[in-house]
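Observations on the three-dimensional arrangement
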Amino acid sequence: MDNKFKDFKKELNRVYRKNKIYKEKMQEQGITPEDINSWEDIKKLPLTTKQDLLKDYPNGWNCVPTSKIKMYHSSSGTTGKPLIVGLTEKDIEFRKETIKEDAKQAGITSEDTVEICYGFGMFTGGFSFYEGLKDLGCKIIPTGAMSTEMQLFYMQKLQATVLLSSPSHIMHLYEKAKELKIDVKKLPIRIIRVGSELLTETMRKKIKDAWGEDVSVTQDYGMTETLGPGLGMECIYENGMHLNPNYYFELIDPITKLPTENEIGELVVTTIYNECFPIIRYATNDLVKLSKEKCPCGSTSPRIVKFLGRTDDMLKVKGVKIFVSQIEDFLFMHPYFNHQYEIVISKEEYKDILTINIEYKENLINVPKEKIASYKIEVEQEFKNKFGITSQINIVDNKTIKPYPGKIIRVRDLRKLKR
Ligand SMILES: [Zn+2]
């Protein structure tokens, strides 16, 4: 029995004793911790869903008395009530170590001056990086979610070498800098570490084009449920996010929810060292592609090489399944588009209409109308060829599509409203 499994087994026993909700789920399937004696056996255990975590709100899932909780975080709650997760002293320490490892993978050292552009609030982003990087010995500029103009001001004045933010925000910073005639390529930024939204390869290229070819652009992956960033950590080789060995991961078929041997599937995570809020076999809704190929960094931990989106991000338009990330990849291949877009799906007489509003990279006033009209026809045709469905592509002025604060919402599905 390997040590990690021993730790897991201990943890499963604890969850069985302390967590009524999961215990009931196990009892429904007639299983006790004694039935689980290998990693293979873990498949017998019931999956945990987001709905389970929200039962007996807000403390139902906790496995420690409230007196042991030192801090709370919560999800944004954009799709219902926010999930609240408590952290004990031990959880805070564990997370610090996770962030330090994440920073190491990104190439961040104690010599760096790190600007944290993530919000400092209930969201895990700001505080988790603050605590971990402080422990690592970095100099920290905790701008949080203040105006892009002020973020740029501190970035310049304090000579930040590392930026932490979401990919779309990194591009907003660049746009703002351009407007203010700041040449970001002349700043000492050497690492951009993104998270909170998925980074597509085309977006990585866009960020490098904007901030400089030599800037390392990598990402990490995490979620409030597991205390924030650090479930997946990309190393400096920019080829996917290594799964954190302090958790146990599986892939399941997103439809049948059964274990799959495919390299693509819904990621299921099991915590082993989270004290207040342990989760066994949590179905994350995140569809990923894993690679077990060895990474040049030497790590043998499997990597998330592609993030196909959330299972609830999968759009079904005219009977065709399509992911937002696929549409994004397609749009970003065209050099004359900006990074801001919006997908609208509506219905007319039982027919789905797919509309994509995408910003042109310049002000449209300076571009001949015929040129835009021919781009539109060209892109619509390419879209049809690639995905097999017709779309309406609207090329709009730059800065027309309003950025949303926090997590970006790219899709408006108007079909759901018409019921
Ligand atoms: Zn690596």
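Residues numbered from 1 in each chain as written. Predicted model: local features only at pLDDT ≥ 70, side-chain atom pairs only at ≥ 80, totals over all residues. Heavy atoms only, no water.

Right, let's talk about the layout of surface pockets for a bit. Looking at the second largest pocket, its volume works out to about 580 Å³. In terms of lining residues, the second largest pocket is bounded by 22 residues, among which Phe 249, Glu 250, Leu 251, Leu 290 and Lys 292 are the most central. Taken together, the residues of the lining of the second largest pocket sort by class into 11 nonpolar, four polar and seven charged. (1 Å grid on protein atoms, 1.4 Å probe; cavity = no way out; pocket = protein on both sides within 12 Å on 5 of 7 lines; lining within 4 Å. Points joined across faces, edges and corners; volume = space filled by probe spheres on them. Nonpolar A, V, L, I, M, F, W, Y, C, P; charged D, E, K, R; others polar.)

Glancing now at the coordination of the zinc ion. Protein coordination at the zinc ion: the donors are Cys 235 (SG), His 242 (NE2), Cys 295 (SG) and Cys 297 (SG), at 2.1 to 2.3 Å from the metal. Considering all four donor atoms around the zinc ion, the spread of angles at the metal, 102 to 116 degrees, places the coordination shape in the tetrahedral class. Every donor residue of the zinc ion comes from the same chain, spaced as C-x6-H-x52-C-x1-C. One end of the pair, Cys 235, is in the loop between β8 (228–234) and β9 (241–243); the other, Cys 297, is in the loop between β12 (282–291) and β13 (303–310), with 62 residues separating them in the sequence. Overall, the relative accessible area of 34% leaves Cys 297 in the partly exposed class. (Donors = N, O, S within 2.8 Å, 3.2 Å for Na, K, Ca; no water. Tetrahedral: all angles 85-135°; square planar, octahedral: opposite > 155°, others 65-115°. Helix = DSSP H or I, 4+ residues; strand = E, 2+ residues; numbered from the N terminus. Buried < 20%, exposed > 50% of the residue type's maximum accessible area, 1.4 Å probe, protein only.)

Structurally, the protein chain comprises domain 1 (88–311) and domain 2 (318–417). Domain 1 and domain 2 are separated by 27 Å when their C-alpha centres are compared. Taken together, both faces of the contact between domain 1 and domain 2 bury some 1400 Å²; the carbon and sulfur share is 56%. Of all residues in domain 1, His 172, Thr 202 and Lys 206 give up the largest surface area on contact with domain 2, accounting jointly for 31% of the area buried on that side. Taken together, the connections running from domain 1 to domain 2 amount to two salt bridges. Put simply, Lys 306 and Asp 329 hold a salt bridge, and the shortest N to O gap is 3.7 Å. For the pair domain 1 and domain 2, the interface holds four residue pairs in polar contact (both at pLDDT 80 or more). (Domains from an automatic or database assignment. Buried area = accessible area lost by both parts, 1.4 Å probe. Salt bridge = Lys/Arg side-chain N within 4 Å of Asp/Glu carboxyl O. Polar contact = N/O pair within 3.5 Å; in protein donor to acceptor, adjacent residues only side chain to side chain.)

Okay, the sheet that holds β8 next. The mixed open sheet is built from 11 strands, whose spatial order is β4-β3-β5-β6-β7-β8-β9-β13-β12-β11-β10. In this open sheet, the two edge strands, each paired with only one partner strand, are β4 (139–141) and β10 (247–252). The average undirected angle you get between the axes of adjacent strands in this sheet is 40 degrees. Of the pairings in the sheet, the one linking β8 to β9 comprises three bridges and is antiparallel in character. Paired with Met 233 across the strands is His 242, a residue of β9. (Pairing = 2+ DSSP bridges. Axes fitted to C-alpha atoms, helices over the stretch in contact; angles between N-to-C directions.)

Take the packing of helix α7 (residues 167–179) against helix α8 (residues 201–211) next. Put simply, α7 and α8 touch, their axes get as near as 10 Å, and they point 25 degrees apart. Classified by the angle their axes make, α7 and α8 are roughly parallel. α7 and α8 meet at a crossing whose hand is left-handed. Side by side, α7 and α8 meet where Pro 167, Ser 168, Ile 170, Met 171, Leu 173 and Tyr 174 of the first sit next to Met 203, Lys 206, Ile 207, Ala 210 and Trp 211 of the second. (Parallel < 35°, antiparallel > 145°, perpendicular 65-115°, else oblique. Left-handed = near helix turned anticlockwise from the far one by under 90°. Contact = heavy atoms within 4.5 Å.)

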